[in-house]
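One letter stands for each residue in the lines below.
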Amino acid sequence: MPSHLRLGCVAPDFEAQTTQGYIKFHEWSANAWTVLFSHPDDFTPVCTTELAEVARRASDFAKRGVKILGLSANDVSSHNRWAHDIQSIAQAPVTFPIIGDSDRSVATLYDMLDALDPTNVDAHGAPFTVRDVFVIDPQHIIRLKISYPASTGRHFDEILRVIDALQLSDRHAVTTPANWRPGDRVIIHPRVSDSEAHSLFPDHENITPYLRMTRDPTSS
Ligand code: BEZ
């Protein structure tokens with residue numbers, strides 16, 4: 001069944017218990033970028049490496065104005081016990097909240113449950129979550145959605161890279177090419193006319209009439 005949550009949709013609001021108390025999602029995320037990310041199960045190896053990586057990279061998210069919110073179909077007391085292991089592996093504190101979604105209400109709302117992997121189920125055969133990532137902007141709009149299987153840990157450099165690209169495209173009339181990294185050349189947005197391109201980006205280069213490259217407007 002296709003997900004009803006598409007890029008450009010308002011991220012559904014919800015209320016949930018987390019390791020940092022009860023939250024109303026839209027209130028909690030108001031005026032900030034948010035990464036809402038699920039993992040399959042507490043006390044499992046790939047998940048532990050992922051949450052340790054996010055704990056270590058907390059300042060990389062904070063400096064982009066991004067709040068982080070984890071989730072799995074375990075309860076908050078399980079998350080709190082597991083956080084000790086994460087902290088000792090990361091050598092960094094777990095400063096972001098993790099939703100205790102043992103009734104799978106948020107996972108169902110966001111269509112995060114695993115429909116494929118028969119090893120990614122609880123003792124009763126109920127599916128756990130996959131490794132979903134939602135990047136949500138300060139207006140609560142879903143701007144990125146990626147799903148990874150339980151067997152594959154995420155690369156958080158890529159998630160930060162997309163956040164950089166989204167924030168750049170929101171501020172300037174540019175898009176980002178394949179394999180773009182901050183500081184690389186960018187593409188002038190197709191909606192910008194050639195005459196506007198000349199005044200906005202005087203040193204740009206036309207590779208083809210529709211592929212107009214210019215320097216990253218934020219680099220000096
Ligand atoms: C893991 O985190 O290692 C994992 C969790 C659920 C299924 C498979 C792997």
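Anything mentioned here points back to the structure above.
Residues numbered from 1 in each chain as written. Predicted model: local features only at pLDDT ≥ 70, side-chain atom pairs only at ≥ 80, totals over all residues. Heavy atoms only, no water.

Colleague: Account for the overall build of the protein, naming residues and giving values.
Modeller: On a plain count of helices and strands, the protein comes out with seven helices and 11 strands. Taken over the C-alpha atoms alone, the protein extends approximately 60 × 40 × 35 Å along its principal axes. The buried share of the protein, taken over its 220 residues, is 47%. Excluding contacts between residues fewer than 6 apart, the proportion of contacts in the protein whose partners are at least 24 apart in sequence is 64%. Working note: accessible area of the protein is about 11100 Å², and carbon and sulfur atoms make up 54% of it. Charged side chains of the protein number 20 positive and 28 negative; the gap between the two group centres comes to 5 Å. (Helix = DSSP H or I, 4+ residues; strand = E, 2+ residues; numbered from the N terminus. Buried < 20%, exposed > 50% of the residue type's maximum accessible area, 1.4 Å probe, protein only. Contact = heavy atoms within 4.5 Å. Areas by Shrake-Rupley, 256 points an atom, 1.4 Å probe, with all protein chains shown as cover. Lys, Arg positive; Asp, Glu negative; His and termini not counted. Charge placed at Lys NZ, Arg CZ, Asp CG, Glu CD.)

Colleague: Before we move on, can you summarise the sheet that holds strand 9 (residues 186-188) with the specific residues and values?
Modeller: In spatial order, the strands read 8-9-11-10; together these four strands make up an open sheet with antiparallel pairing. The sheet is open, and its two borders are formed by strand 8 (174-175) and strand 10 (205-208), each paired with just one other strand. In this structure, strand 10 lies alongside strand 11 (residues 211-214), joined through three bridges in antiparallel fashion. The residue bridging Asn 206 from the neighbouring strand is Arg 212, located in strand 11. (Pairing = 2+ DSSP bridges.)

Colleague: Outline the site of the ligand, listing residues and values.
Modeller: All residues adjacent to the ligand are Pro 40, Thr 44, Pro 45, Val 46, Cys 47, Asn 120, Arg 131 and Ala 150. Here Cys 47 contributes a backbone N or O atom positioned 2.9 Å from an oxygen atom of the ligand. Here the ligand has 260 Å² of accessible area as a free molecule, and 82% of this is covered by the chains. Per-element accounting of the shell around the ligand gives the leading share, three residues, to helix 2 (residues 45-56). Grouping the constituent residues of the shell around the ligand by class yields five nonpolar, two polar and one charged. (Near = heavy atom within 4 Å. Polar contact = N/O pair within 3.5 Å; in protein donor to acceptor, adjacent residues only side chain to side chain. Nonpolar A, V, L, I, M, F, W, Y, C, P; charged D, E, K, R; others polar.)

Colleague: If you had to explain the environment of Ala 11 to someone new, which residues and values would you point to?
Modeller: In this fold, Ala 11 is placed in the segment before strand 1 (15-18). Once the C-alpha coordinates of Ala 11 and Pro 118 are considered, the two residues, 107 residues apart in sequence, prove to be 28 Å apart.

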